[in-house]
Amino acid sequence: MSAAQSELKKIAVVNSLRACQLFVGLPPADLEKIADVSIVKSLEKGDYLFHEGDPAHGFYVVQRGAVNVHRVSATGKEQVIHVFRAGESFAEVALATETGYPADARALEPSQVLLVQKDGILALLKRQPELALRMLGSMSSHLRVLVGQLDDLMLKDVETRLANWLVKRCSDPRSQKPARIELQATKRMLAAELGTVSETFSRTLAKFREQELIEVEGKTITVLSPARLAELLRRNLGG
């Protein structure tokens, strides 16, 4: 690789780091130092980044594509933890543990990620404690997401969980005006996020269509009246 190509590659890595919430506001010199300890990895659809228990080599930043982080139960059921997309980071917990990655990570589509290598970033954090504080904030944000997902999965049935998922994505749940939701993953993946299977998810969507609560066209779900759907959710929750 020529010096010019190497420099362009580093600029692309720095730009990806700058777009990541974890590193927002860091000066260019710090981003370049992190880029120096980062490796670009390309993935085809279905490729695994790591499996639960694999030695942790660092954490990841998605440059493009989508990565499904999930766990597999003893019965073989896959439970999606989160689908990470461009600009998002994940597996930061790898920096603070010797037990390996706590879940599996698989590309949902052709993707490219940055591996921020553990040894290199830890050396940098020792020199710059403020960066360590920023990363703790990011991990806290991820924890809030996980706790929220756990709360959602404890809802009593798939209808309630789907209604809750849709209402959360309406900009104004009190509105009578239609709200469009663009699905970022397949319906199969969304079913997994909601703790169910594709068939049950499809039946629930059909039920909502019959009740004229939603319309579905391709990857677009239109909530015809967020207020009506929110009222259904309140009734299901006993409110």
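Residues numbered from 1 in each chain as written. Predicted model: local features only at pLDDT ≥ 70, side-chain atom pairs only at ≥ 80, totals over all residues. Heavy atoms only, no water.

Peer 1: Looking at this model, I keep getting lost on the sheet that holds strand β6 (residues 89–90). Mind explaining?
Peer 2: In space, the four strands of this open sheet follow the order β1-β8-β3-β6, with antiparallel pairing throughout. Every other strand in the sheet has two partners, leaving β1 (38–43) and β6 as the edge strands with one partner each. Across two bridges, the pairing between strand β3 (residues 58–64) and β6 is antiparallel. Bridge assignment links Tyr60 to a residue of β6, and that residue is Phe90. Strand contacts of helix α3 (residues 118–127): β3 and β8 (111–117), with the helix running at about 55 degrees to β8, the strand carrying the most contacts. (Pairing = 2+ DSSP bridges. Helix = DSSP H or I, 4+ residues; strand = E, 2+ residues; numbered from the N terminus. Contact = heavy atoms within 4.5 Å. Axes fitted to C-alpha atoms, helices over the stretch in contact; angles between N-to-C directions.)

Peer 1: Help me understand the packing of aromatic side chains, please; the structure alone is not making it clear to me.
Peer 2: Centre-to-centre distance and the angle between the planes together describe a pair of aromatic rings. As enumerated under the stated definition, the model contains seven aromatic pairs in all. Judged by centre distance (5.8 Å) and plane angle (35 degrees), the ring pair of Phe50 and Tyr60 falls under tilted. Placement of the pair is Phe50 in strand β2 (residues 48–50) and Tyr60 in strand β3, with a sequence separation of 10 residues. In textbook terms, an aromatic cluster arises when at least three aromatic residues are bridged by ring pairs, as seen for Phe50, Tyr60, Phe84, Phe90 and Tyr101. (Phe/Tyr/Trp six-rings, centres within 6.5 Å; stacked < 30°, edge-to-face > 60°.)

Peer 1: Before we go on, may I ask you to explain the packing of helix α5 (residues 158–168) against helix α7 (residues 198–210) in this structure?
Peer 2: In helix packing, the relevant descriptors are the interaxial angle and the interaxial distance, both defined with respect to the helix axes. Contact pair α5 / α7: the axes reach a minimum separation of 10 Å and the direction vectors enclose 70 degrees. Here α5 lies roughly perpendicular to α7, going by the angle between them. For α5 against α7, the interelement crossing comes out right-handed. Here Val158, Glu159, Leu162, Ala163 and Leu166 of α5 come into contact with α7, specifically with Thr200, Phe201, Thr204, Leu205, Lys207 and Phe208. (Parallel < 35°, antiparallel > 145°, perpendicular 65-115°, else oblique. Left-handed = near helix turned anticlockwise from the far one by under 90°.)

Peer 1: Help me understand the nonpolar core, please; the structure alone is not making it clear to me.
Peer 2: For soluble globular proteins, nonpolar side chains are generally found buried alongside one another. Residues Phe23, Phe59 and Phe90 are the most contacted members of the largest nonpolar core, which totals 39 residues. Apart from residues no more than four positions distant in its own chain, Phe59 is found in contact with Leu22, Phe23, Phe90, Ala91, Glu92, Leu95, Leu114, Leu115, Val116, Ile121 and Met135. In terms of nonpolar packing, the next biggest core, distinct from the first, is built from 23 residues, Leu194, Leu205, Phe208 and Leu233 among them. (Core = buried A, V, L, I, M, F, W, Y, C linked by side-chain atoms within 4.5 Å. Buried < 20%, exposed > 50% of the residue type's maximum accessible area, 1.4 Å probe, protein only.)

Peer 1: How do you make sense of the packing of α5 against helix α8 (residues 226–236) when you look at a structure like this?
Peer 2: Put simply, α5 and α8 touch, their axes get as near as 9 Å, and they point 140 degrees apart. Accordingly, the angle class assigned to the pair α5 and α8 is oblique. Here α5 runs over α8; the crossing is left-handed. Between α5 and α8, the residues in contact are Glu159, Thr160, Ala163, Asn164, Leu166 and Val167 and Leu229, Ala230, Leu232, Leu233 and Asn236, respectively. Among the residues making up the contact of α5 with α8, the classes are represented as seven nonpolar, three polar and one charged. (Nonpolar A, V, L, I, M, F, W, Y, C, P; charged D, E, K, R; others polar.)

Peer 1: Help me understand the pattern of salt bridges in this model?
Peer 2: Any two side chains of opposite charge can pair, given that their charged atoms come close. According to the stated counting rule, one finds eight salt bridges in the structure shown. Note that Asp36 and Lys10 form a salt bridge whose closest N and O atoms lie 2.9 Å from each other. Residue Asp36 is located in helix α2 (residues 28–36), and its partner Lys10 is located in helix α1 (residues 3–19); the two are separated by 26 residues in the primary sequence. Classification of Asp36 as exposed rests on a relative accessible area of 53%. In this structure Lys10 comes out as partly exposed when scored by relative accessible area, which is 26%. Across the pair Lys118 and Glu98 runs a salt bridge, and its minimum N-O distance is 3.7 Å. Here Lys118 is found in helix α3, whereas its partner Glu98 is found in the loop between β6 and β7 (104–107), with 20 residues between them in sequence. (Salt bridge = Lys/Arg side-chain N within 4 Å of Asp/Glu carboxyl O.)

Peer 1: How do you make sense of the sheet that holds strand β4 (residues 66–72) when you look at a structure like this?
Peer 2: Either a parallel or an antiparallel arrangement is found when strands of a sheet pair, and the pairing is made through backbone hydrogen bonds. What the four strands build is an open sheet, ordered β2-β7-β4-β5; its pairing is antiparallel. Strand pairing shows two members of the sheet lacking a second neighbour, β2 and β5 (78–85), which therefore form its edges. The mean inter-strand angle of the sheet, taken between neighbouring strand axes irrespective of direction, is 30 degrees.

Peer 1: Where do I start with α8 in this structure?
Peer 2: For an α-helix, the turn length of 3.6 residues means that residues three or four places apart are oriented alike. All of the buried residues along α8 are Pro226, Ala227, Leu229, Ala230, Leu232, Leu233 and Asn236. Summarising the contacts, the buried residues of α8 are in contact with α5, β9 (179–182), α7 and β11 (220–223). Looking one or two residues past α8, Gly238 carries a phi angle of roughly 80 degrees, positive in sign.

Without other data, these values stay purely geometric and don't point to any function.
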